[in-house]
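Results of the structural survey
Spelled out from the first residue to the last, the chains are:
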Amino acid sequence: MSFTTGGRVLRQALVACTFAISLIMAALPSLAQTTVGSGAPTPTAVEQLTPEQAKALADLLSNDATRGALVDALNKVGEVPVDTGSADPAAAAATTQPEEVSLGRRVAQATQNAAETVGSTLTTFGAALTRAPDAIDSVLNVDPGVIWDAIRELALVIAATVVIYNVLRLVAKRIFRRMGDAAHERGPLQTGLIILASVLIDVAVVAIAWGAGYLLALMAFGTTGEIGIRQTLYLNAFLIVEMVKVVVRAILSPTTPDLRTMNIPDRGAVYLNRWIAFITSLLGYGQLLVVPIINQNVNYATGRGVSTVISALAILIVMVLVVRWRKTVADWLMGSRLHDWGSAIRFLARNWYVAALVYLVVLLAVVLARPGGVLFPMLYASAKVLGAIVLGAIASNLMGRLIMRGVKVPESISERLPLLERRLNAFVPRVLTVFRLAIFAAVVFFTLNTMGILDAQGWLESQVGVRMTGMIVSIFLILMFSFLAWLAVNSWIDFRLNPSYGSRPTAREQTLLTLLRNAVSIVLIVITLMFVLSEVGIDIAPLIASAGVLGLAIGFGAQKLVQDIITGVFIQLENAMNVGDVVTVGGTTGTVERLTIRSVSLRDVQGVFHIIPFSSVDMVSNFMRDYGFYVADMGIAYRENVSDAKQAMHDAFDELRANEDFAPHILEDLQWFGLNSFGASDVVVRARIKCVAGQQWGVGRAYNEIVKRIFDERGIEIPFPHQTIYFGEDKQGKAPAAPIRLIHDTEDAQTLEAKAEKPKASPDKDATFDDGEAEGDASPR
């Protein structure tokens, strides 16, 4: 399976290599100066002696007496005289105390030393570079017969090793294709294991071919049981070169895209693998086989020249490839998310080849100035830096893929613990982000340490480094343990509150478990904070000792808060309410949705959410304890018989009880209380129904509906307010005219509309009688 989703991360990592290349270039001269071996052209003090001087010095050192006298003389020169008889102790003390130097002078001395060091290094480097042609000219003096003799001696071993290796590679390629098909639909972890298995197979192929070459060289070629030095050189070079190629193939996977760890097109992977393999073979076989043969059969100076030519040729090939691929690599680095990158990153991605060419030019200059094996140490240091960046990018890519995928909990566990997956997905990505930052920091420190800019290894081994790393690890472990403890407690509470498994939790259990969750969270936060402060180096003993004083101060400054907590504790101890109860608290009636140690949260019938602190609670009315009553107060007219109303209400109750939906909620028979009160226009009769707690409102609404229907059927009047209209009178006892219209019940709406549209016969008509009788003044007298 190709790691296509990590392409952007790897592109960013390779763009970051540009920064690393710039830093490496700054360190190349000093690195070359410190890594030159015995083959450096700079003559030592012994090499500068003439033969006569060397012979005289050897004779001098061979004589015991003269050698002892020379040693005594050198010891006297190295002794530092100490003036112990100074008459002025103050002056003597002043001479032993260091002179105070100002900050400006120290800065000036530091810059002066740095400038002198750089100048001396550049001078030495330039002088060595001018001697490069002499080393290269020595290559022209190599006798071709030496090379030809080596080829004839190694021909059989080379042929046998190459044939065995290629046959094994053909078999391995078929296995790799099958492994790629198997990894196509796998996850990142399984794909990583398949890639590791393919790398091990590739290593086994190289090891078998190398072992077969050694066996043939011992048993079949030459004298049995003996092997030539040239054959040993070739086989060792073969092992090293092919192992390097194995590492390259593990990253590029040119024949199996599904096993490729970098988002590179197939053609680019094949092309890049081919040229890296060629350059690796050129440097490996040239430096590990050809140069030792030249050193043995010609001289070391010629061997250094051949080494310089091989290294320079490899660098020139790489420079040509960089120029040729500059646009293709820039497009690959930019990818399809150009708009997401900053302008500086886009500039570096477009001009990556500039830094690469400058690095190669400086590397070529160092190789020419310091012939004799300096290339490998420098390439090794550069490869370590680039390898750290690539490995860090791959690891960061894998973690990014895990963050994007999230944590998947098995369905069976998710059913029991429904909130576990959400909690893990809220925590694990943050931990992986911390790991990615740690990887970035490790790569930066490793790069600076490799280039000699920062002694990261020495800092880690120092007392401060050991303490700092130990503190970071300890804090990380404390936080992890705290999270796991919190996750375990909350998961157990979720399981206990899950009605699908085990016994259904009661309202009391729900309330107490919710409070337990809050209490455990607070305790874990406090304990974790204390341990973290202790690891940082803060003494927590004074903090614990001052907790009482702080609590007293908080008690005076936050009396309401303390009152909330104390009242809440007693309310919970008395089991006054639980989650899901319908209560009246602080004048507000609603369903309890949340209980904390200091407040209760209600939602009323209109959906309004109320948060009421316990300090404002002076009475709790709970409608959900054991059972509930619906009290039915029915008003009937004064003329109605109370016995008829009683019978109607009992009949309504019997009908309600016969309903399967409401029968389970009714606990007892109807309780008849009788005539309860006399109203303004009605008499009130009262009855009561005992119901399951919380069901009394639904039962009451259904009962009212049945009572209304039965009262209507039996003609029992439910009185309602009446209104008498009075038109008033003047002082003579006359009332104003009141126009009215009498309408027969049989007249339809169309007739009424037609009559309404007719003009009045006379303006003095006050009323119309639709029965055809005379019209006149209908005003009351």
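Below, the structure is looked at part by part.

This paragraph deals with the overall build of the protein. Of the regular secondary structure elements, the protein holds 25 helices and 10 strands. Residues classed as buried in the protein amount to 32% of the 781 residues present. In the protein, 69% of the contacts between residues at least 6 apart in sequence involve partners at least 24 apart. As presented, the protein carries roughly 47100 Å² of accessible surface, and 63% of it is formed by carbon and sulfur atoms.

With that settled, consider the environment of I597. Residue position: I597 is located in the loop between β2 (588–595) and β3 (599–603). As a C-alpha pair, I597 and F614 span 17 residues in sequence and 8.7 Å in three-dimensional space. Excluding anything up to four places from it in sequence, I597 contacts L515, D564, I565, G568, V569 and F614.

On to a nonpolar patch on the surface. A grouping of L561, I565, I566, V569, F570, L573 and I597 is seen on the molecular surface, where their side chains present a nonpolar patch of about 610 Å² in accessible area. With a relative accessible area of 44%, I566 lands in the partly exposed category.

This part is about the environment of I251. Checked against the element boundaries, I251 lands in helix α9 (residues 229–252). Along the primary structure I251 and A269 are separated by 18 residues, whereas in three dimensions their C-alpha atoms are 9.3 Å apart. If near-sequence neighbours (up to four positions away) are discounted, I251 is found in contact with R260, T261 and M262.

A few words now on the sheet that holds strand β6 (residues 627–636). The sheet built from three strands is open, its strands ordered β6-β8-β7 with antiparallel pairing. Looking along the sheet, the strands with just one partner apiece sit at the ends: β6 and β7 (671–678). Here the average twist between neighbouring strands, direction ignored, is 25°. Two elements, β6 and strand β8 (residues 683–692), share 10 bridges in a ladder whose sense is antiparallel. Within the sheet, the bridge partner assigned to A632 lies in β8 and is A687. Running at roughly 25° to β6, helix α24 (residues 696–713) makes contact with β6 and β8 of the sheet.

Note on strand geometry: in a regular strand, side chains alternate between the two faces of the sheet. In terms of residue burial, β8 counts as a mostly covered element, since seven of its 10 residues are buried. Across six bridges, the pairing between β7 and β8 is antiparallel. Among the inter-strand pairings, Q671 is bridged to a residue of β8, identified as R688.

So, on to the pattern of salt bridges. A side chain with one charge may pair with a side chain of the opposite charge, provided their charged atoms come close. Within this structure, the stated rule accounts for 17 salt bridges. When the shortest N-O distance is used, the salt bridge between R603 and E593 registers 2.7 Å. On the criterion of sequence distance, the pair formed by R603 in strand β3 and E593 in strand β2 is long-range, its members being 10 residues apart. Using a relative accessible area of 32% as the deciding quantity, one classes R603 as partly exposed. Judged by relative accessible area, which is 38%, E593 ranks as partly exposed. With a closest N to O distance of 2.4 Å, R709 and E655 form a salt bridge. Pair noted here: R709 is in helix α24 and E655 is in helix α23 (residues 642–658), with a separation of 54 residues, a long-range link. Judged by relative accessible area, which is 36%, E655 ranks as partly exposed.

This next bit is on the sheet that holds strand β4 (residues 609–613). A sheet is described by the order of its strands in space; here five strands give the open sequence β4-β3-β2-β1-β5, paired in antiparallel fashion. Two strands close off the open sheet at either side, each with one partner strand: β4 and β5 (620–622). Averaged over all neighbouring strand pairs, the angle between strand axes comes to 45°, with direction disregarded.

The N-to-C vectors of helix α8 (residues 188–219) and α9 enclose an angle of 170°; their axes lie 10 Å apart at closest approach. Judged by the angle between their axes, α8 and α9 are roughly antiparallel. Touching V199, D202, V203, V206, A209, W210, G213, Y214 and A217 of α8 are Q231, T232, L235, N236, F238, L239, E242, M243, V246, R249 and A250, all from α9. Partitioned by chemical class, the residues of the contact of α8 with α9 number 13 nonpolar, four polar and three charged.

The next point concerns α8. Taking 1.5 Å as the rise per residue, α8 with 32 residues should run 46 Å; its terminal C-alpha atoms sit 46 Å apart, in good agreement. For α8, the complete set of buried residues consists of P188, T191, I194, I195, S198, D202, V205, V206, A209, G213, Y214 and A217.

Once that is clear, we can look at the pairing of β2. By the bridge criterion, four bridges tie strand β1 (residues 582–585) to β2 in an arrangement that is antiparallel. Paired with V585 across the bridge in β2 is T588.

With phi around 45°, S253 is a residue other than glycine that occupies positive phi space. The topology assignment puts S253 in the loop between α9 and α10 (266–297). We note that D626 has phi near 65°; this positive angle belongs to a residue other than glycine. Of note, D626 is situated in the loop between β5 and β6. Owing to a relative accessible area of 69%, D626 belongs among the exposed residues under this scheme.

It is worth spelling out the packing of aromatic side chains at this point. Tallying each qualifying case throughout the model produces 13 aromatic pairs. Relative to W325, the ring of Y271 has its centre 5.0 Å away and its plane inclined at 55°; by these criteria the two rings are tilted. With Y271 in helix α10 and W325 in helix α11 (residues 300–334), this residue pair connects regions lying 54 residues apart in the sequence. Given a relative accessible area of 23%, Y271 falls into the partly exposed group.

About the thresholds
Residues numbered from 1 in each chain as written. Predicted model: local features only at pLDDT ≥ 70, side-chain atom pairs only at ≥ 80, totals over all residues. Heavy atoms only, no water. Helix = DSSP H or I, 4+ residues; strand = E, 2+ residues; numbered from the N terminus. Buried < 20%, exposed > 50% of the residue type's maximum accessible area, 1.4 Å probe, protein only. Contact = heavy atoms within 4.5 Å. Areas by Shrake-Rupley, 256 points an atom, 1.4 Å probe, with all protein chains shown as cover. Patch = residues over 30% accessible without salt bridge, like charges linked within 9 Å, V, L, I, M, F, W, Y side chains within 5 Å. Salt bridge = Lys/Arg side-chain N within 4 Å of Asp/Glu carboxyl O. Pairing = 2+ DSSP bridges. Axes fitted to C-alpha atoms, helices over the stretch in contact; angles between N-to-C directions. Parallel < 35°, antiparallel > 145°, perpendicular 65-115°, else oblique. Nonpolar A, V, L, I, M, F, W, Y, C, P; charged D, E, K, R; others polar. Expected span 1.5 Å × (residues − 1). Phe/Tyr/Trp six-rings, centres within 6.5 Å; stacked < 30°, edge-to-face > 60°.

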